[in-house]
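Per-entry structural report
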Amino acid sequence: MESLVKWEDPGEGRLFGRLRIASIHYPEKPFHVFLNKPDRLEIDFLPEGSYKISVGYFGHWAMVDTVDVADNVHTELPPFFVAKPPGGRVEEHIIESTALVGNYVGEDPKRRIRISLPEGYENSTDVYPVVYRLPGGGGRFDHSRVPVDKAIREGRIAPIIEVAIDGKTQYAGTLFMNSPAFGNWEDFLIDEVIPFVDTRYRTIQSPQGRALTGWSRGGWSALILSVFRPGIWGAIGLNDPSFWIMWTMTNDKEDSPSSKNLEKWLEAFRTVPSSLEELKSVQDGRLHILVKLGATFGFDAKAPLWGSYPRNKNGEWNSEVREKWDAYNLTRADVLARHKASMLQ
């Protein structure tokens, strides 16, 4: 894909100016164009040949009116402006991960992280607590610099360093757990990202100065990691965590909060993809989750997509695999009791 985007800076104190889009080529729909400035230009295909244009600088977005864009036609969007929010600065790094090398699906081990520094960081010698943020489905950066800066200015929280992690993959994001198939994301986060941050920035290098947060699937991952890798974080924060991920996959019908929801998961077990080509074309997020969990909790090097599942395609239980999955099911009282000590750390 080739996309030529010209940027005109409208002057100091502004993030956005006039965007010019020339000669857009699109082999498939939708697509995203990633830029350094602004952070992202996103083009969504709409009916009748129109496109919705969005431009963003980390968590700070501006919407642009719908415009018509055609191949090889110079299209100029009207100028629009958004005042630069006060606060700290954001730095981006690429980590060449060794933990992700050799994954079966060919995910790029070069991963981006964004470090959000509080205002005044460069003029002080203070050390700061760090909040690590895990993204939700799709894996796009989850960044909250603007509201964080506001909370710091209002005295509601102390100055912090925030680390956003790029979890975008070929197959709808990651669950930040270790899998030979999809990559050792858990090791990447704990053994590579945290030491990278601690050696390059003035951080409180102990669990008391480290928090893990996430939203949606990232919230579920944050909870799982805090329980099964204790002693790393002193606090966790969950925003709309996907606790349903395990509930309806390993529980019996009478234990399910919704028989309708259970039927949807039974359908997912019946239609689980058996090849990477098939998985890449899947739009249903549940199937991506199912395949990743299968290749994590029920890893089987000889199985299609390297996974085994607690139910077969007929909806019947596989008790041996179900037991493996249930060991990570934090909706079960016995599992919670088993990990009480680590949860209290």
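Bear in mind that the values here come from a model prediction, so they are computed numbers and not experimental data.

Now for the overall build of the protein. Across its full length, the protein carries 10 helices and 15 strands. A burial count over the protein gives 48% of its 345 residues as buried. Of the contacts formed within the protein by residues at least 6 apart in sequence, a portion of 61% connects residues at least 24 apart. For the protein, the exposed surface amounts to about 16,800 Å²; the carbon and sulfur share of it is 50%.

All right, on to the nonpolar core then. Core analysis: the largest hydrophobic core is formed by 33 residues, its most contacted members being Phe182, Trp220, Met249, Leu290, Leu293 and Trp325. Top element by residues in this core is helix α7 (residues 285–294). It accounts for five residues. Aside from chain neighbours lying at most four places away, what touches Leu290 is Met249, Trp265, Ala268, Phe269, Val272, Tyr309 and Trp325. Counting residues in each nonpolar core, the second largest holds 29 residues, with Tyr132, Val193, Ile194 and Ala222 among its members.

Low-pLDDT portions of the prediction should not be read for the details of their coordinates. Of the residues in the protein, 70% reach a pLDDT of 70 or more, and the chain-wide mean stands at 75. Of all helices and strands in the protein, the one with the weakest mean pLDDT is strand β3 (residues 31–34) (32), whereas helix α2 (residues 185–200) scores best (97). Within the model, the stretch residues 1–85 combines pLDDT values under 50 with 170 contacts to residues more than four positions away or in other chains.

Here we come to α2. In a regular helix each residue adds 1.5 Å, so 16 residues correspond to 22 Å; α2 covers 21 Å between its end C-alpha atoms and thus fits that length. All of the buried residues along α2 are Trp185, Glu186, Phe188, Leu189, Ile190, Glu192, Val193, Ile194, Phe196, Val197 and Asp198.

It is worth spelling out a nonpolar patch on the surface at this point. Together, Ile236, Leu238 and Phe243 give the surface a local cluster of nonpolar side chains, amounting to about 230 Å² of exposed area. Assignment of secondary structure puts Phe243 in the loop between β15 (235–239) and α4 (244–250). Residue classification places Phe243 among the partly exposed positions, given a relative accessible area of 39%.

Below, the discussion takes up the pairing of strand β11 (residues 161–165). The element β11 is largely enclosed, with a buried count of five among its five residues. With four bridges connecting them, strand β10 (residues 130–134) and β11 associate as parallel partners. Paired with Tyr132 across the two strands is Val163, which belongs to β11.

For the rest of this paragraph, the subject is the environment of Gly298. Along the polypeptide, Gly298 turns up in the loop between α7 and α8 (319–326). With 12 residues separating them along the chain, Gly298 and Pro310 place their C-alpha atoms 8.5 Å apart. Among residues more than four places away in sequence, those in contact with Gly298 are Leu293, Trp306, Gly307, Ser308 and Trp325.

Attention now goes to α7. Within α7, eight of the 10 residues are buried, which leaves the element mostly enclosed by the surrounding structure. Residues of α7 that are buried: Leu287, His288, Ile289, Leu290, Val291, Lys292, Leu293 and Gly294.

Next up on the list: the pattern of salt bridges. Throughout the structure, instances matching the rule amount to 15 salt bridges. Of the charged contacts, one joins Glu154 and Lys150 as a salt bridge, the two residues approaching to 2.6 Å between their closest N and O atoms. According to the relative accessible area criterion, Glu154 is partly exposed, its value standing at 45%. Given a relative accessible area of 41%, Lys150 falls into the partly exposed group. Ionic contacts of the salt-bridge type, sharing partners, join the residues Glu92, Arg111, Arg112, Arg114 and Asp166 into one network.

Right, let's talk about the pairing of β15 for a bit. The sheet contact formed by strand β14 (residues 210–215) and β15 spans five bridges and is parallel. In the sheet register, Thr213 faces β15, and the bridge partner there is Gly237. Of the crossover connections in this fold, the one passing from β14 over helix α3 (residues 217–228) to the parallel β15 is right-handed.

This next bit is on the sheet that holds β15. Overall, mixed pairing links the six strands, which are arranged β8-β9-β11-β10-β14-β15 in an open sheet. Strands with a single pairing partner mark the edges of an open sheet, and in this sheet they are β8 (89–96) and β15. Looking at each pair of strands side by side, their axes are set apart by 20 degrees on average, direction ignored. Relative to β10, α2 is tilted by about 145 degrees, and along the sheet it contacts β8, β9 (110–117), β10, β11 and β14. Sheet strands touched by α3: β10, β14 and β15. Its angle to β14, the strand with the most contacts, is close to 145 degrees.

Rules of the game
Residues numbered from 1 in each chain as written. Predicted model: local features only at pLDDT ≥ 70, side-chain atom pairs only at ≥ 80, totals over all residues. Heavy atoms only, no water. Helix = DSSP H or I, 4+ residues; strand = E, 2+ residues; numbered from the N terminus. Buried < 20%, exposed > 50% of the residue type's maximum accessible area, 1.4 Å probe, protein only. Contact = heavy atoms within 4.5 Å. Areas by Shrake-Rupley, 256 points an atom, 1.4 Å probe, with all protein chains shown as cover. Core = buried A, V, L, I, M, F, W, Y, C linked by side-chain atoms within 4.5 Å. pLDDT = per-residue confidence, 0-100. Expected span 1.5 Å × (residues − 1). Patch = residues over 30% accessible without salt bridge, like charges linked within 9 Å, V, L, I, M, F, W, Y side chains within 5 Å. Salt bridge = Lys/Arg side-chain N within 4 Å of Asp/Glu carboxyl O. Pairing = 2+ DSSP bridges. Right-handed = clockwise from strand over helix to strand, strands pointing away. Axes fitted to C-alpha atoms, helices over the stretch in contact; angles between N-to-C directions.

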